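Residues per chain are reported as follows:
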Number of protein chains: 2
Amino acid sequence: MQVHKCSMTFDKEKSAGFLVNHMARLFAKGLQEKIAPLGIVTGQFPVLLELWEEDGITQKELLAKLDIEQATLANTLTRMERDLLIKRTRHPSDARAQQIWLTEKARLVRDQAYEAARQQNAAALVNLSEEERARFLSTIQKIIGTLRQNNAS
Amino acid sequence: MQVHKCSMTFDKEKSAGFLVNHMARLFAKGLQEKIAPLGIVTGQFPVLLELWEEDGITQKELLAKLDIEQATLANTLTRMERDLLIKRTRHPSDARAQQIWLTEKARLVRDQAYEAARQQNAAALVNLSEEERARFLSTIQKIIGTLRQNNAS
DNA sequence: TGGACTTGCATAGCTTGCTATGCAATATTA
DNA sequence: TAATATTGCATAGCAAGCTATGCAAGTCCA
């Protein structure tokens, strides 16, 4: 049955922004449950992804890879140090900068963390065809590109 | 050029969870800028959407429409009361419950808020074809359905 | 070489999400 | 009807995002 609504309404179930926010919260919740046993949390995940690729880099170099604000990263790093996931050492040739190093603890959970993320993605996309998944990811990438340009302007 | 990576890696640019999180932050940032002049913020938006449809309902009734936690809603309502967007009155027949009412201030910004959200959605989706947009929204709805089931289990 | 910019990072303070817990009012039941 | 359970909401405390600001170290010139 079709229900008529007056012209000045807003259907949140058809609003991209609303849906995207809802989906992101559900994704985060699922991932959180899966990585909690590893002693890491969702906000640390993107940072760890970069450091597992390469550590010993400075906060600034890390920041360049992340698209979060500098203050957000600084706070996340502080919590990661508290949780014994990283160590920070003075940069040898610039006393302002620090080098960020993974601890053994952080290295050890890498493969399990990758696996947890893969499982979360798989669980979320389980009802989609291979084609639908590919389209979905490519559309998101397009949108991110568009929005980044808007904000940068 | 194709670069080979060893099997145990994780490409965040192909990870649905990573991309969804990034996109959601960009959406929120864009909306925030557009509604700030109206004196409202992003977390209040879903609450307002429901109250613009119907106010005088209880917190519990509101909660049932929102898929956020009860504590999150209670805190958001407290800030909205502080910002003079709502009033809370005791429920006539249940002293535990409260009725939530929009203020005139909140009613006045409704149409502009709708318009801001529409513009944000339009800006984000501007590079997509009509078909791609429809597919995108429908895929998100599927994923939300899947993830909600997972969490509820 | 000293004063003025710039840079790298930290801190303060906010929002919006979460879990866990507390508490008074209501409902149920022995 | 008194004891118990449930319900509706608030509070505490944390994470992770943001903007704005501070500050020490480095750089650049006049």
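Scroll up a little and you will see the structure.
No experiment lies behind these values; they were computed from the predicted model shown. (Residues numbered from 1 in each chain as written. Chains lettered and ligands numbered in written order. Predicted model: local features only at pLDDT ≥ 70, side-chain atom pairs only at ≥ 80, totals over all residues. Heavy atoms only, no water.)

## A look at the relation of the copies chain A and chain B
Both copies of the chain are related by a screw-like operation: a rotation about an axis and a shift along it.
Here comes step 1: When chain A is brought onto chain B, the operation consists of a screw motion whose angular component is 180 degrees and whose axial shift is 0.0 Å, with 0.0 Å RMSD remaining. Here the copies are linked by what is in effect a two-fold axis.
Here comes step 2: Comparing interface residues between copies, 100% of those in chain A also sit at the interface in chain B, which points to an isologous, same-surface contact. (Least-squares fit on C-alpha atoms with pLDDT ≥ 70 in both. Contact = heavy atoms within 4.5 Å.)

## Some words on the sheet that holds strand 3 (residues 94–102) of chain A
All names here are of chain A.
Here comes step 1: In space, the 3 strands of this open sheet follow the order 1-3-2, with antiparallel pairing throughout. Each edge of the open sheet carries a strand with a single partner, namely strand 1 (57–58) and strand 2 (86–91).
Here comes step 2: Here 2 bridges tie strand 1 to strand 3, and the two strands are oriented antiparallel to one another. Note that in strand 3 the partner of isoleucine 57 across the bridge is isoleucine 100.
Here comes step 3: Along the sheet, helix 2 (residues 44–53) contacts strand 1, strand 2 and strand 3; its crossing angle with strand 3, the most-contacted strand, is approximately 90 degrees. (Pairing = 2+ DSSP bridges. Helix = DSSP H or I, 4+ residues; strand = E, 2+ residues; numbered from the N terminus. Axes fitted to C-alpha atoms, helices over the stretch in contact; angles between N-to-C directions.)

## Section: the protein's contact with DNA strand C
Here comes step 1: With respect to spatial proximity, 26 residues lie near DNA strand C, and among them A:Gln59, A:Lys60, B:Val41, B:Gly43 and B:Arg82 are the closest.
Here comes step 2: For DNA strand C, the fraction of atoms within 4 Å of the protein that belong to sugar or phosphate moieties is 69%.
Here comes step 3: One of the backbone nitrogen or oxygen atoms of B:Ala95 is found 2.9 Å away from a phosphate oxygen of DNA strand C.
Here comes step 4: A total of 5 residues in the surface near DNA strand C trace back to one element, the largest contributor, which is helix 4 (residues 70–82) of chain B.
Here comes step 5: A per-class count over the surface near DNA strand C returns 7 nonpolar, 9 polar and 10 charged. (Near = heavy atom within 4 Å. Polar contact = N/O pair within 3.5 Å; in protein donor to acceptor, adjacent residues only side chain to side chain. Nonpolar A, V, L, I, M, F, W, Y, C, P; charged D, E, K, R; others polar.)

## Let's talk about the packing of aromatic side chains
Here comes step 1: Per the counting criterion, the structure on display carries 9 aromatic pairs over all chains.
Here comes step 2: Between A:Phe10 and B:Phe45 the ring centres are 6.4 Å apart and the planes differ by 70 degrees, which places this aromatic pair in the edge-to-face class. Residue A:Phe10 is located in the segment before helix 1 (16–35), and its partner B:Phe45 is located in helix 2 (residues 44–53); the two belong to separate chains.
Here comes step 3: Using a relative accessible area of 10% as the deciding quantity, one classes A:Phe10 as buried.
Here comes step 4: Taking the relative accessible area as the measure of exposure, B:Phe45 reaches 6% and is therefore buried.
Here comes step 5: For the pair B:Trp52 and B:Tyr114, a centre-to-centre distance of 5.6 Å together with 80 degrees between the ring planes defines the contact as edge-to-face. Remark: B:Tyr114 occurs in helix 6 (residues 110–125) and B:Trp52 occurs in helix 2; sequence separation between them is 62 residues. Per residue, the accessibility class of B:Trp52 equals that of B:Tyr114, and both read buried.
Here comes step 6: In this structure an aromatic cluster arises from ring pairing among A:Phe10, B:Phe45, B:Trp52 and B:Tyr114. (Phe/Tyr/Trp six-rings, centres within 6.5 Å; stacked < 30°, edge-to-face > 60°. Buried < 20%, exposed > 50% of the residue type's maximum accessible area, 1.4 Å probe, protein only.)

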